[in-house]
Amino acid sequence: MWWSEEEWAALIDPVECGMCADAHLDENPHSVLVASTETAHIRIARNQSHRGYCLVILRDHVTDIGDLTSEQLNGFWSDVQRAGRAITTVFAPRKIDYLVMGHRMPHLHCHLLPQHSTDDPLRNVDISDGPEFSSSRALHDDARALRDAWDRSGLPRGS
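The paragraphs below set out a description of the structure included in this document. (Residues numbered from 1 in each chain as written. Predicted model: local features only at pLDDT ≥ 70, side-chain atom pairs only at ≥ 80, totals over all residues. Heavy atoms only, no water.)

**Some points on the pattern of salt bridges**
Alright, step 1. Overall, the coordinates contain five salt bridges when judged by the stated rule.
Alright, step 2. Residue Arg-46 pairs with Glu-27 through a salt bridge whose shortest N-O separation is 2.9 Å. Taken together, the residues span a long stretch of sequence, with Arg-46 in the loop between strand S2 (40–45) and strand S3 (54–58) and Glu-27 in the loop between helix H2 (18–22) and strand S1 (31–36) at a distance of 19 residues.
Alright, step 3. Note on Glu-27: relative accessible area 40%, which makes it partly exposed.
Alright, step 4. The shortest N-O distance in the salt bridge between Arg-123 and Asp-129 comes to 2.9 Å.
Alright, step 5. The network of salt bridges with common partners includes Arg-137, Asp-141 and Arg-144. (Salt bridge = Lys/Arg side-chain N within 4 Å of Asp/Glu carboxyl O. Helix = DSSP H or I, 4+ residues; strand = E, 2+ residues; numbered from the N terminus. Buried < 20%, exposed > 50% of the residue type's maximum accessible area, 1.4 Å probe, protein only.)

**Concerning helix H3 (residues 70–91)**
Within an α-helix, residues lying three or four positions from one another point in the same direction, as the helix has 3.6 residues per turn.
Alright, step 1. A rise of 1.5 Å per residue sets the reference length of H3, with its 22 residues, at 32 Å; its end C-alpha atoms lie 31 Å apart and thus fit the reference within 8%.
Alright, step 2. Among the residues making up H3, those that are buried are Gln-72, Gly-75, Phe-76, Asp-79, Val-80, Arg-82, Ala-83, Gly-84, Ala-86, Ile-87 and Phe-91.
Alright, step 3. Where the residues of H3 are buried, they touch S2, S3, strand S4 (95–99), strand S5 (109–115) and helix H4 (136–152).
Alright, step 4. Just past H3, the residue Ala-92 takes up positive phi, approximately 50 degrees. (Expected span 1.5 Å × (residues − 1). Contact = heavy atoms within 4.5 Å.)

**Details of the environment of Arg-94**
Alright, step 1. Along the chain, Arg-94 falls in the loop between H3 and S4.
Alright, step 2. When the C-alpha atoms of Arg-94 and Gly-130 are compared, they prove to be 20 Å apart, with 36 residues separating the residues in sequence.
Alright, step 3. Not counting the four nearest positions on each side in its chain, Arg-94 is found in contact with Gln-115, His-116 and Ser-117.

**Here's the deal with the sheet that holds S3**
Alright, step 1. Pairing is antiparallel across the open sheet formed by five strands, whose spatial order is S1-S2-S3-S5-S4. Unpaired on one side and paired on the other, S1 and S4 mark the two borders of the sheet. Averaged over all neighbouring strand pairs, the angle between strand axes comes to 25 degrees, with direction disregarded.
Alright, step 2. Each of S2, S3, S4 and S5 is contacted by H3, which is oriented at about 25 degrees to S5, the strand it contacts most.
Alright, step 3. Strands in contact with H4 are S1, S2 and S3; relative to S1, the strand with the most contacts, it is inclined by about 15 degrees. (Pairing = 2+ DSSP bridges. Axes fitted to C-alpha atoms, helices over the stretch in contact; angles between N-to-C directions.)

Below, the structure written as structure tokens:
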């Protein structure tokens, strides 16, 4: 059964939204900030069961990709593409899976889940694999490497 009307109203309320509250912070309980643009925040997840797992989180509180303006849509997917390129540069995965869901956290975001040569290509993708937490130092080193790859792409990180 889907969320009740009251539960859904609370989930989509920007005042109650966890991503609105902490996606811009340098660190939060779930991730570390890699970059920010006019459109999105790019974060590396603390759960690194798929090394290089990142999220691109829209700055504006929008619950569905269909509600974006053309400009927002172009900016969001450009940021997703650029994040994927940074992940590829740093972690050299075989493939990156791009997942946009939002039924549990209805704030538009895309999971970038790298698939490595040690992963089973026939297994369904599961963002809740693990959890496998790197040391704080290793996570920050990975965030720094991603930031450097982002910067080398030639476009500014934004504010």
